[in-house]
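Summary of the model geometry
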Amino acid sequence: MDFTLNEDQLAVAGEIDKLAAQFKSSPVDFHGFALYSAELDKQLEDNQFFDIAAMPEMGPLAAALAVERLAQLPYTAEVALSMLLRPALNIELPRPIAVIENGRPGRFVGVAKTLIIIDGDSVGIAHPQAGDTQAIPESLFAYPMAKLVGKLDVQLLSESEADIVRTWLRVACAAEMAGLLKAAIDATVEHISVRKQFGRPLGTLQALRHRMAECAVLAGGVRWLALKAAWSADAGDAALAALHAQESASRVIYDVHQMSGAMGMTLEMDLHLWTYRMKALMSELGGRSGQAEAAGKYCF
Amino acid sequence: MDFNWNDEQLAFRATVHNFIKDNLPENWEHIAHGPASKEQTVFAKEFCGALAEAGLLVPHWPVEWGGQDADPWKAFILAEEMWMAGEPRGGQYMNVNWIGPTLMLFGSPAQQQQYIPPMARGETLWCQGFSEPESGSDLASLRTRAERKGDKYIINGQKIWTSYAGDADTCFCLARTSQGKGGISIFLIPMTTPGITVREIPSIIGEGDIHEVFFDDVEVAETARLGEEGQAWDIVGKALSLERVGIPRFALATTTLHRAVSLLKDQNRFTAGVIEQAAKAKAACEAARLYSYQIIDQRVKNIPTGAEASVGRYATVICERLVSEFVVEHVPEAISGENPMLLAHHQRGIVAGIASGAAEIQLNLIATQYLELPREPR
Ligand SMILES: Cc1cc2nc3c(=O)[nH]c(=O)nc-3n(C[C@H](O)[C@H](O)[C@H](O)COP(=O)(O)OP(=O)(O)OC[C@H]3O[C@@H](n4cnc5c(N)ncnc54)[C@H](O)[C@@H]3O)c2cc1C
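Here the structure is a predicted model, which is why all the values come from computation and not from measurement.

**Structural notes on the sheet that holds strand β6 (residues 145-148) of chain A**
- Spatially, β2-β6-β5 (chain A) is the arrangement adopted by the three strands of the open sheet, whose pairing is antiparallel. Of all the strands in the sheet, just β2 (106-107) and β5 (133-135) of chain A have a single pairing partner and so form its edges.

In structure tokens form, the structure reads like this:
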């Protein structure tokens with residue numbers, strides 16, 4: 001057991017932090033729902049960050065740390081599946097990667113070169129062409145959302161490959177959620193430390209302090225479970241991590257919006273970028289009952 | 001960062017595990033029904049003696065006090081295995097975790113010689129006299145007085161919720177020698193001292209656990225004081241930091257959850273809604289486990305543990321709650337005595353948010369120290 005980063009992991013974390021620093025504030029004139037950055041994607045690609053998991057001295061744990069860190073940015077790009085799912089499969093998958101689950105719109109579907117097509121228990125892979133997808137700019141989810149409109153050639157995966165896909169989708173979901181939770185909590189802590197009502201900062205009110213503290217406990221737990229699952233690659237660990245992530249998100253999203261008051265409803269405050277990404281992640285792989293079913297199968 | 005146990009740790013866990021298996025009697029689960037029942041306390045003495053002989057009672061203590069200088073991982077592995085088995089050490093876990101080490105740091109040579117070797121041999125039981133009727137979370141307001149008379153102190157007052165007091169040999173007792181937080185001192189008081197009366201408090205948490213302890217003109221020698229007058233707050237802070245993670249409650253909670261699930265599976269009752277609750281509880285147990293391990297890792301590396309300890313404690317409260325509610329809802333017969341092990345967990349689990357520092361106090365600490373929110377007005 002070693003809960004601190006080793007030299008290699010620290011080096012990657014340092015590099016990611018450096019890169020992330022350029023994307024840490026949203027543009028002042030931004031009033032949209034999704035804040036996508038092609039530049040963030042390009043820089044990650046140019047610096048070979050999408051290959052961290054495959055590097056022997058790094059591995060998926062370092063990749064999960066990177067996913068968690070990058071998810072805290074107001075900007076988003078398709079990071080988690082490229083960093084965590086792609087290296088786990090013995091199939092060459094061009095990135096970005098997106099998921100279409102039971103025909104529903106998905107995040108990054110419009111920019112994806114690989115689509116994971118999930119229909120009930122079957123999992124397949126397809127490569128969309130121009131015109132196969134259609135963007136949904138009005139979606140509230142703070143990812144670039146798109147739906148499938150064309151008919152694709154889907155290559156079905158074997159059952160064992162499908163299991164691997166589901167496991168790493170869960171790890172990716174949990175690692176990304178951990179970062180989103182942290183960012184949403186940090187933003188809210190800042191808000192209630194500054195915002196005064198009744199002559200004192202809201203953050204001095206115990207009714208809010210305790211809820212915030214509970215949120216922090218949940219968020220940190222999600223992070224540990226995600227990192228552990230990335231390290232073990234175990235289907236049960238992944239199911240628990242994703243379940244805890246979705247469960248914690250449902251609680252934290254509500255609390256951080258409550259504490260942010262009307263300001264949290266505006267596009268001026270970045271909060272929605274994180275909370276609406278969390279809401280998007282909450283439905284993945286059948287939501288909490290889907291993760292619980294997997295945990296039931298693998299953990300008991 | 002990695003989550004591997006090394007070979008030495010795995011071997012140590014196996015040794016402890018096998019020792020427990022070989023030394024618990026067949027009716028252990030019935031004996032373990034109350035955390036401090038007479039039967040359990042009697043058995044604990046025998047068990048701790050055997051543990052000591054096998055070098056498994058105080059491995060993390062310094063060699064000069066009968067230990068092996070083992071690192072905090074081993075101490076925690078030991079605690080996990082014990083707690084999973086229903087804590088066959090009984091109240092002696094306190095000696096091992098913090099009372100012994102505190103005496104090593106702050107005791108006089110005479111106090112060390114008198115008290116530490118019997119602890120290392122597993123022969124003695126202590127109780128912790130902190131809480132009072134008017135002083136629970138606000139411990140610094142305690143009122144039990146120790147008045148100096150020549151080279152003696154006369155102690156008057158009352159302690160409450162004192163675990164193991166009925167059978168304890170010695171009390172690690174806080175009493176006031178002057179006003180304020182800086183006016184509290186520690187006394188090591190033999191429980192047979194005239195003027196001490198112990199009364200058990202009937203409770204829902206099992207036989208023999210909590211007590212009232214009355215001190216009526218209890219006379220103790222000056223040499224019974226641990227450290228200087230007024231030093232209690234510093235010493236207790238240090239003592240409790242020795243067990244910042246607290247008891248590895250998640251370990252028994254996990255075992256309990258798996259037991260309950262296996263009972264439900266046998267009855268074909270492990271179905272969708274039930275699975276979902278079990279899975280959530282399991283995830284909470286694992287989160288608490290990893291938080292606890294993180295704190296042990298910090299101790300091994302001498303990284304000061306700040307409010308993470310409270311975060312870990314609160315994560316543990318969450319998992320205890322989910323597991324005990326799971327049992328209540330899906331294996332209710334356990335609460336009516338049909339499964340002593342599940343009942344024992346229930347009775348231990350329901351105090352997780354109260355004993356040794358209430359959950360809300362942990363949340364206050366997390367808000368101030370971890371999230372750095374502005375303080376509440378006093
Ligand atoms: C099984 C068991 C064993 C115990 N063993 C021992 C022992 O061996 N020795 C010993 O000395 N003590 C022992 N205790 C006592 C334990 O330390 C106290 O119960 C604990 O410190 C809480 O104090 P209290 O019970 O008086 O609750 P109170 O302090 O009255 O608290 C009641 C409620 O109010 C909340 N509260 C209090 N202050 C605040 C605040 N500032 N902000 C928000 N909420 C607050 C608490 O969180 C709690 O929810 C034991 C308790 C139990 C349950």
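Let's pick the thread back up.
**Concerning the interface of chain B and chain A**
- Counting from both sides, the interface comprises 46 residues of chain B and, opposite them, 44 residues of chain A.
- In this assembly, chain B packs against chain A so that about 4100 Å² is buried in total across both faces, 71% of it on carbon and sulfur atoms.
- Along the contact surface separating chain B from chain A lie three salt bridges.
- One salt bridge connects A:Arg209 with B:Glu376, and the closest N-O pair in it is separated by 4.0 Å.
- Our count for the chain B to chain A interface comes out at 20 residue pairs in polar contact (both at pLDDT 80 or more).
- The set of elements that each furnish at least two residues to the side of chain B that touches chain A consists of α8 (249-266), α9 (272-300), α10 (308-330) and α12 (359-370) of chain B.
- Take the side of chain B that touches chain A: its biggest share by element is 15 residues, from α9(B).
- Classifying every residue of the side of chain B that touches chain A by side-chain character gives 29 nonpolar, six polar and eleven charged.

**As for the packing of aromatic side chains**
- For the structure on display, the rule yields 21 aromatic pairs over all chains.
- Ring geometry for B:Tyr115 and B:Trp126: centres 5.0 Å apart, planes at 70 degrees, overall edge-to-face. Placement of B:Tyr115 in helix α6 (residues 109-120) and of B:Trp126 in strand β1 (residues 126-129) is noted, with a sequence separation of eleven residues between them. Accessibility classification places B:Tyr115 together with B:Trp126 in one group, the buried group.
- Pairwise contacts between aromatic rings join B:Trp5, B:Trp73, B:Phe76, B:Phe250 and B:Tyr293 into one cluster.
- Over the aromatic face of A:Trp224 sits the side chain of A:Arg223, whose NZ or CZ is 5.3 Å from the ring centroid.
- Over the ring of B:Trp83 we find B:Arg348; its NZ or CZ atom is 5.5 Å from the centre of that ring.

**Description of the nonpolar core**
- In this structure, A:Met83 and A:Leu84 are the most contacted members of the largest nonpolar core, which totals 215 residues.
- Here this core takes 19 residues from helix α5 (residues 159-194) of chain A, the largest share from any one element.
- Beyond its immediate chain neighbours, meaning those up to four positions away, A:Met83 contacts A:Leu44, A:Phe49, A:Phe50, A:Ala53, A:Ala63, A:Ala66, A:Val67 and A:Leu70.
- Within the second largest apolar cluster, 18 residues are counted, among which are B:Phe187, B:Met191, B:Ile196 and B:Phe215.

**Considering helix α4 (residues 72-84) of chain B**
Residue and element names in this part refer to chain B.
- Along its 13 residues, α4 runs 18 Å from first to last C-alpha, staying within 8% of the 18 Å computed at 1.5 Å per residue.
- For α4, the tally of buried residues reaches twelve of 13 residues, placing the bulk of the element in the interior.
- Where α4 is concerned, the buried positions are Pro72, Trp73, Lys74, Ala75, Phe76, Ile77, Leu78, Ala79, Glu80, Glu81, Met82 and Trp83.
- You can read the cap of α4 off the contacts: a side-chain oxygen lies 2.9 Å from the backbone nitrogen of Trp73, and it is on Asp71.
- Downstream of α4 by a residue or two, Gly86 has a phi angle that is positive, lying close to 95 degrees.

What counts, and at which threshold
- Residues numbered from 1 in each chain as written.
- Chains lettered and ligands numbered in written order.
- Predicted model: local features only at pLDDT ≥ 70, side-chain atom pairs only at ≥ 80, totals over all residues.
- Heavy atoms only, no water.
- Pairing = 2+ DSSP bridges.
- Helix = DSSP H or I, 4+ residues; strand = E, 2+ residues; numbered from the N terminus.
- Contact = heavy atoms within 4.5 Å.
- Buried area = accessible area lost by both parts, 1.4 Å probe.
- Salt bridge = Lys/Arg side-chain N within 4 Å of Asp/Glu carboxyl O.
- Polar contact = N/O pair within 3.5 Å; in protein donor to acceptor, adjacent residues only side chain to side chain.
- Nonpolar A, V, L, I, M, F, W, Y, C, P; charged D, E, K, R; others polar.
- Phe/Tyr/Trp six-rings, centres within 6.5 Å; stacked < 30°, edge-to-face > 60°.
- Buried < 20%, exposed > 50% of the residue type's maximum accessible area, 1.4 Å probe, protein only.
- Lys NZ or Arg CZ within 6 Å of the ring centre and 35° of its normal.
- Core = buried A, V, L, I, M, F, W, Y, C linked by side-chain atoms within 4.5 Å.
- Expected span 1.5 Å × (residues − 1).

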